[in-house]
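Fold and contact review
So the chains spell out like this:
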Amino acid sequence: QVEQRHYLVSKAVEEVQKIIQQLTAEISCKATRFQAISNSGIHNENIKVLAPSQFLITVPLRGLSGYRECQVRHWRYYTVQGAKLLSSVRDPEELHQWLEVEQFSKTLQQWHEKDVNVEGDLVPAKVLIVFRELVEKSIISCNLSSKVTMLESFSSVVRLAVETSESQVEVELVPAVEIPTCWPEKARWPRCLKRWPSQEKVQCIKSLGFDLLARSNYHWQLCFSRAEHVLMEGLDEDGGCRMKCFRVMRQMKEDVWCAGNKPVITSYHLQTVLFWTCEKYPRTKDWRCFHEAFLRLVQKLHKCVSQHFLKHYFVKNTNLLKYANTSDLDVVASKLAVFLENPVFCLD
């Protein structure tokens, strides 16, 4: 089943990537601020598979380099259209930060224009409005209307339905500012000296930097896709079965515990569960027996889902399930509890 899933998802990624690469290349021709995604196969860092029919694709923004963090934070708030509000709506969340054009030593003139900039602030909502219009126009100019459909959204988020040879995939396109060689102060990681990951791996990961995603009105969302990719890549260098456990857990999640096109628990949540479990059980011998290792992983998932609380691996005190539907989480928790009482189906 895991091999069959890998084949189908790989095929879908290949087809979706080809279509979105064509679409973003057209967008980039219309507006140089937006960069076409690369065409680098199934391990494309711009594509995150949340579920077999749910992808998140980041579109790099061009013309912002030489980033430095602000020493003094003056948080400002805007409407969905990017109009400035006179008073604060709420405190900034743990996974979000503000972004000013002055934080970059080199910038394209277009980032200073009013369609994305309010008094020096780069506003995600305004970037998304510009991007959405470009997507709509480019679908038509690329003759992709038979394969790509814009989906309704409550905000400026850009969601598409993309037809593949096997099924329909929902894709969220997210403009992203790539910040290489810099690690954000909010990500106080590692929290203390651990045997996993090694100090060498930690330094390597932090040197890769992070991204800022335009997914909300006024805050840019912290993203650590490169860091996560490196952690996943070297999981079983000691001969353990961590990846096998992860893949089987993901398969069980999609087939039994939390099926559907837009599940409350995605592959991204499972990845974070895996990282925490690897940190708690860093020794090679803890990952030699698949049965024991797999059950530990499911027990950790059950605890997080039951408590409606899953910590972000890099950012302290951030709950990845904060806005998840609690009723849906409780259903998943009950299914996990049933499995843990008698886990012979998977381990037989």
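Reading the values: rules and limits
- Along each chain, numbering runs from 1 in the same order as the chain's sequence is written.
- At least 70 in pLDDT is required for a residue's local features to be given in this predicted model, at least 80 for side-chain atom pairs to be given and counted, and no such filter applies to totals for whole chains, interfaces and linings, which use all residues.
- To get the side-chain values, all heavy atoms of the structure are used, and hydrogens and water are removed first.
- Domain borders in the structure are assigned automatically or taken from a domain database.
- Any two residues whose heavy atoms approach within 4.5 Å at even a single point are treated as in contact.
- Throughout, the accessible surface (probe 1.4 Å) given up by two parts as they are put together, summed over both, is called the buried area.
- What makes a salt bridge here is a side-chain nitrogen of Lys or Arg within 4 Å of a carboxyl oxygen of Asp or Glu, nothing more.
- Pairs of N or O atoms are called polar contacts if they sit within 3.5 Å, as long as, within protein, a hydrogen donor faces a hydrogen acceptor (for residues adjacent in sequence, only side-chain-to-side-chain pairs).
- Each helix is a run of H or I in the DSSP string that is no shorter than four residues. Each strand is a run of E no shorter than two, and both are numbered from the N terminus.
- UniProt positions are given in the numbering used here, feature names are shortened, and annotations may be inferred rather than shown by experiment.
- Patch construction takes residues with relative accessible area above 30% that form no salt bridge. Like charges are linked within 9 Å, and nonpolar side chains (Val, Leu, Ile, Met, Phe, Trp, Tyr) are linked within 5 Å.
- The Shrake-Rupley method, run with a 1.4 Å probe, gives the accessible areas here. Residue values count only the displayed protein chains as cover.
- When charges are counted, neither His nor the chain ends are considered; positive counts come from Lys and Arg and negative counts from Asp and Glu.
- The atom standing in for a charge is NZ when the residue is Lys, CZ when it is Arg, CG when it is Asp and CD when it is Glu.
- Under the scheme applied here, a residue whose accessible area is under 20% of the maximum for its type counts as buried, over 50% as exposed, and between as partly exposed, the area being computed with a 1.4 Å probe on protein chains only.
- What makes two strands pair is DSSP finding at least two bridges between them.

A few words now on the domain arrangement of the protein chain. As far as domains go, the protein chain holds domain 1 (1–232) and domain 2 (234–347). Centre-to-centre separation of domain 1 and domain 2, based on C-alpha positions: 25 Å. Each partner contributes to the interface: domain 1 provides 33 residues, whereas domain 2 provides 34 residues. In this assembly, domain 1 packs against domain 2 so that about 3,000 Å² is buried in total across both faces, 57% of it on carbon and sulfur atoms. Considering only the side of domain 1, the residues that lose the most area to domain 2 are Arg 191, Trp 196 and Met 232, jointly responsible for 25% of the buried surface there. Linking domain 1 to domain 2 there are three salt bridges. Ionic pairing is found between Glu 279 and Arg 191, a salt bridge with its closest N-O pair at 3.1 Å. At the surface where domain 1 touches domain 2, the tally comes to eleven residue pairs in polar contact (both at pLDDT 80 or more). At the level of elements, helix H1 (2–30), strand S1 (47–51) and helix H4 (225–233) are the ones that each hand at least two residues to the side of domain 1 that touches domain 2. Looking at the side of domain 1 that touches domain 2 element by element, the count peaks at five residues for H4.

Here the focus is the UniProt feature "domain: Mab-21-like HhH/H2TH-like" (unreviewed entry) in the protein chain. Mapped onto the present numbering, the UniProt feature "domain: Mab-21-like HhH/H2TH-like" (unreviewed entry) falls at residues 241–336. In the segment residues 241–336, helix accounts for 61% and strand for 0%; the C-alpha atoms at its two ends are 21 Å apart.

What follows concerns a negative patch on the surface. Together, Glu 45, Glu 178, Glu 233 and Glu 237 give the surface a local cluster of negative charge. Residue placement: Glu 237 occurs in the loop between H4 and helix H5 (242–257). With a relative accessible area of 67%, Glu 237 lands in the exposed category.

Looking now at the pairing of strand S11 (residues 210–213). The two faces of S11 match: Phe 210 and Leu 212 on one face and Asp 211 and Leu 213 on the other face are all buried. Looking at chain direction, strand S10 (residues 168–179) and S11 are connected through four bridges and run antiparallel. Pairing of Val 177 across the sheet is with Leu 212, part of S11. By the bridge criterion, three bridges tie S11 to strand S12 (residues 220–223) in an arrangement that is antiparallel. Its bridge partner lying in S12, Leu 212 is registered against Leu 222.

Within the secondary structure, Ser 28 is located in helix H1. For the pair Ser 28 and Lys 322, spaced 294 residues apart in sequence, the C-alpha to C-alpha distance is 35 Å. Those residues in contact with Ser 28 that sit more than four places away from it in its chain are Phe 34, Gln 35, Ala 36 and Arg 62. Within the structure, Ser 28 has its side chain in polar contact with the side chain of Arg 62 (distance 3.5 Å).

Burial analysis of H4 places seven of its nine residues in the buried class, which makes it a mostly covered element. Looking at H4, one finds that the buried residues are Ser 225, Arg 226, Ala 227, Glu 228, Val 230, Leu 231 and Met 232.

With that settled, the discussion passes to the environment of Gln 97. Tracing the sequence through the fold places Gln 97 in strand S4 (residues 96–97). Taking the C-alpha atoms as reference, Gln 97 lies 11 Å from Pro 124; in sequence the two are 27 residues apart. For Gln 97, the side chain forms a polar contact with the side chain of Tyr 67, separated by 3.0 Å.

On to unusual backbone geometry, then. For the bond running from Trp 189 to Pro 190, omega is 0°, close enough to zero to count as cis. Inspection of the secondary structure puts Pro 190 in the loop between S10 and helix H3 (199–207). Phi angles above zero are rare outside glycine, and Glu 119 is one such case at about 50°. For Glu 119, the location among the structural elements is in the loop between strand S6 (117–118) and strand S7 (121–122). Even without glycine at this site, Asn 317 takes up a positive phi of about 60°. Within the element layout of this structure, Asn 317 appears in the loop between helix H7 (290–307) and helix H8 (326–341). We classify Asn 317 as exposed; its relative accessible area is 53%.

A few words on a positive patch on the surface. Taken together, the side chains of Lys 194, Lys 280, Lys 303 and Lys 311 define a basic patch exposed on the protein surface. Along the chain, the position of Lys 311 falls in the loop between H7 and H8.

Bringing the pairing of strand S2 (residues 54–60) into the picture now. Counting buried positions along S2 gives seven out of seven residues, so the element sits mostly inside the fold. The two faces of S2 match: Gln 54, Leu 56, Thr 58 and Pro 60 on one face and Phe 55, Ile 57 and Val 59 on the other face are all buried. The antiparallel pairing of S1 with S2 creates a hairpin that spans two residues between the two strands. In this sheet, S10 lies alongside S2 in parallel orientation, the contact comprising seven bridges. Across the sheet, Phe 55 pairs through a bridge with Val 171, a residue of S10.

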